[in-house]
Amino acid sequence: MARCSDFASSERAKSERGQAVAEPGAVAADPGARREQLVELYREASDCTRCPLAETRTKVVFGSGNADADLLFVGEAPGAEEDRQGLPFVGRAGSLLTELLGGIGLERDEVWICNVLKCRPPGNRDPQPIEIESCHPYLEQQIDLIRPRVVATLGNFATKLISGSREGITRVRGTPQLHTLAGLPVFVMPLLHPAAALRNPSLVDTLRGDFAVLSDLITQHPPDAAGTETEDEGVLAAAQATVPVPEADQLDLLG
Ligand code: URA
């Protein structure tokens, strides 16, 4: 698996220097070519004006990490520090995410981390439907180009958007789902948002437990859409059978 530890920083530097990147087009099979297409998408997103957040953001937070990752995290939206640096999850919630990843033996540069919204909502308010709709194509193309086997959704907004369900995170967290994303079978793992655990530290253990399930999941290949009985479906069923009962707490980032 190719690694790219500081994708956003290095691509921003190239973009500012006007360095050439690959032409956009249909998704390439080769990981190197897909990475170049991701770079092109990064350049396009960097001066996006599709929604009113373009007027208030400092930097677009495209995403960062391994452009060929098996595991892709989707958070909600950049906060103040992310908006300043142009990188996702670099504030307190990001420190907890980094620690949780470390707990399952992963570094940030082995996964891809991004958000539902690429620009900060003023005052960290909830994403608005028009913003989610405007930004969704970027997320879809990121999934299409990175081709993860597992998408971990952090909190309510990411979970509802990716699962296409109205069920809130407190009901569905910790239980892997099987979806077709960008035409490929993908395990979707709904997780509490780390910011929720910062507000309510008792949820950190819940997150740790769910990361343990995630750790198992990323060793598996999602079964194909044909639905044939495979060893992987057994793994999905086993993972689903062992998840703890969801917490009842209702916080801003839960639902
Ligand atoms: N930082 C992010 O990048 N996303 C979130 O959802 C929260 C903090």
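What you see as residue numbers is a count from 1 along each chain, following the sequence as written. Owing to the predicted nature of the model, reporting of local features is limited to residues with pLDDT of at least 70; listing and counting of side-chain atom pairs is limited to 80 or more, with chain, interface and lining totals taken over all residues.

A. Summary view of the site of the ligand. In this analysis a residue is considered near a molecule or strand if the C-beta atom, reconstructed from its backbone, is found within 6 Å of that molecule or strand. Near the ligand you find 13 residues, and of these G75, E76, E82, P88 and F89 are the closest. Note on residue categories: nonpolar means Ala, Val, Leu, Ile, Met, Phe, Trp, Tyr, Cys or Pro, charged means Asp, Glu, Lys or Arg, and polar means any other residue, Gly included. For the shell around the ligand, the residue count by class is 6 nonpolar, 5 polar and 2 charged.

B. Seen up close, the pairing of strand β6 (residues 184-191). Any residue surrounded by 20 or more other C-beta atoms within 10 Å of its C-beta is treated as buried, while 12 or fewer makes it exposed and the intermediate range makes it partly exposed; C-beta atoms here are placed from the backbone. Going along the chain from the N terminus, every DSSP run of H or I of four or more residues is numbered as a helix, and every run of E of two or more is numbered as a strand. Counting buried positions along β6 yields 6 of 8 residues, so the element is predominantly enclosed. Whether two strands pair depends on DSSP finding at least two bridges between them. Looking at chain direction, strand β4 (residues 150-154) and β6 are connected through 5 bridges and run parallel. Paired with V151 across the bridge in β6 is V188.

C. Looking closely at the environment of V172. For V172, the position within the fold is in helix α7 (residues 169-172). With 21 C-beta atoms packed within 10 Å, V172 lands in the buried category. Along the sequence, V172 and K160 sit 12 residues apart, while their C-alpha atoms lie 10.0 Å from each other. Setting aside chain neighbours within four positions, we find V172 in contact with T159, E167 and P190. Residues are scored as being in contact if the C-beta atoms we place from backbone atoms lie within 7 Å.

D. Inspection of unusual backbone geometry at higher detail. Positive phi values are uncommon outside glycine, yet F89 reaches one of about 50°. The residue F89 is located in the loop between α3 (80-85) and α4 (92-103) in this model. Judged by local crowding, F89 falls into the buried class, with 27 C-beta atoms found within 10 Å. In the Ramachandran plot, A182 falls in the positive-phi region, its phi being about 50° despite a non-glycine side chain. Following the sequence through the fold, A182 ends up in the loop between β5 (177-181) and β6.

E. Just the sheet that holds β4, in detail. Pairing within the open sheet is mixed, and its 6 strands lie in the order β1-β3-β2-β4-β6-β5. The open sheet is flanked by β1 (64-65) and β5, the only strands paired with a single partner. Sheet topology places β5 next to β6; 5 bridges connect them, and they run antiparallel. Each bridged residue has a counterpart across the sheet, and for L178 the counterpart in β6 is F187.

F. View of the packing of helix α2 (residues 31-46) against helix α5 (residues 129-146). Fitted lines through C-alpha atoms serve as axes, helices being fitted only where they are in contact, and the angles separating the N-to-C directions of these axes extend from 0 to 180 degrees. Two numbers describe how α2 lies on α5: the axes approach to 9 Å, and their chain directions differ by 165°. If you check the angle between α2 and α5, you find them roughly antiparallel. Seen along the crossing, α2 lies across α5 with a hand that is left-handed. Contact residues: R34, Q37, L38, L41 and A45 in α2; Y138, Q141, L145 and I146 in α5. Class assignment of the residues belonging to the contact of α2 with α5 gives a composition of 6 nonpolar, 2 polar and 1 charged. Should an angle lie under 35 degrees it is considered roughly parallel, over 145 roughly antiparallel, and from 65 to 115 roughly perpendicular; all remaining angles are considered oblique. In this scheme the handedness of a crossing depends on how the near helix is turned from the far one: anticlockwise by less than a right angle means left-handed, clockwise means right-handed.

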